[in-house]
Amino acid sequence: MVGELYTLLCLGIELIQGLVLISLFFLYTWVGFLQFLASINFLTTILGMRPGGVTLIRCTMFVLSLRITSFLLICAMPVLAGALTILITDRNFNTRFFDPAGLGDPMLFVHLFWFFGHPEVYILILPGFGIISHVIKVGSGKEDIFGKVGIFYAMKSIGLLGFLVWGHHMFSMGINVDRRSYFRVVTMIIAVPTGVKVFRWIATMVGGRIRNWAAIY
Ligand SMILES: [Cu+2]
């Protein structure tokens, strides 16, 4: 998809024609809207409809990871939908938001796209982190995962930091050196909460009775 969009900017708006591309844009905008609604549903359910006595931190790790994923989707999806909508008006309705010929800025599209694009990486992997935490807990025969609160906060900080690092996808596009070093440093900082999670998974397995399951391998 990114290739299609970048080509669109590089080759000129007229070169790619047809209903295929525009249906693709509408489809992404529509799917984004649906994901946005689904995330609100998840978030309100997790925050407001827990049975009595189940505090947030007593939920399973998968539920906790979905809570963060929903937050990311709610913040990131409208940006993609907006960028694609502007792209459609540029292609089909003679606006020039991203076109230098009309004093528009092609870099603006790339910024908007990656402001969605990087959090999307975590949207995809965070539920996986939740599943890993849960499988390791059950597969090690432990009552609870080691340092559960810490893992939850590590996931939270990964979610927040994910919104501050989008520039690392654009190094080859002429972003200036100060911004490059900023994006580089914040990207490296994400390694810290990631390390917190991995070491807590290992600590959960230590001393446990590790089951002979494919999921554990
Ligand atoms: Cu990224």
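See above for the structure.
Okay, so let's go over this structure.

**Remarks on the nonpolar core**
In a soluble, globular protein the nonpolar side chains are often hidden away together inside. Judged by nonpolar contacts, the single largest core of 41 residues is most densely connected at Leu-126 and Met-155. Of all the elements in the fold, those that place two or more residues in this core are α2 (19-48), α3 (61-92), α4 (106-139) and α5 (148-161). Looking at this core element by element, the count peaks at 13 residues for α3. Setting aside residues no more than four positions away along its own chain, Leu-126 makes contact with Ser-65, Ile-68, Thr-69, Leu-72 and Met-155.

**Topic: the environment of Lys-148**
By the secondary structure assignment, Lys-148 is in helix α5. For the pair Lys-148 and Met-188, spaced 40 residues apart in sequence, the C-alpha separation works out to 23 Å. Setting aside residues no more than four positions away along its own chain, Lys-148 makes contact with Ile-57, Arg-58, Cys-59, Thr-60, Met-61 and Leu-64. For Lys-148, the side chain forms a polar contact with the main-chain oxygen of Ile-57, separated by 3.0 Å.

**A closer look at the packing of α5 against helix α7 (residues 191-205)**
Between two packed helices, the angle of one axis relative to the other and the distance separating the axes together describe the packing. At a minimum axis distance of 8 Å, the contact between α5 and α7 shows a crossing angle of 155°. Overall, the two elements α5 and α7 adopt an arrangement that is roughly antiparallel. Crossing geometry of α5 relative to α7 is assigned as left-handed. Where α5 approaches α7, its residues Gly-150, Ile-151, Ala-154, Met-155, Ser-157, Ile-158 and Leu-161 are matched on the opposing element by Pro-193, Thr-194, Val-196, Lys-197, Arg-200 and Trp-201. In terms of residue class, the contact of α5 with α7 is made up of 8 nonpolar, 3 polar and 2 charged.

The rules behind each value
- Residues numbered from 1 in each chain as written.
- Predicted model: local features only at pLDDT ≥ 70, side-chain atom pairs only at ≥ 80, totals over all residues.
- Heavy atoms only, no water.
- Core = buried A, V, L, I, M, F, W, Y, C linked by side-chain atoms within 4.5 Å.
- Buried < 20%, exposed > 50% of the residue type's maximum accessible area, 1.4 Å probe, protein only.
- Helix = DSSP H or I, 4+ residues; strand = E, 2+ residues; numbered from the N terminus.
- Contact = heavy atoms within 4.5 Å.
- Polar contact = N/O pair within 3.5 Å; in protein donor to acceptor, adjacent residues only side chain to side chain.
- Axes fitted to C-alpha atoms, helices over the stretch in contact; angles between N-to-C directions.
- Parallel < 35°, antiparallel > 145°, perpendicular 65-115°, else oblique.
- Left-handed = near helix turned anticlockwise from the far one by under 90°.
- Nonpolar A, V, L, I, M, F, W, Y, C, P; charged D, E, K, R; others polar.

In short, the description is geometric, and any link to function would need to be established separately.
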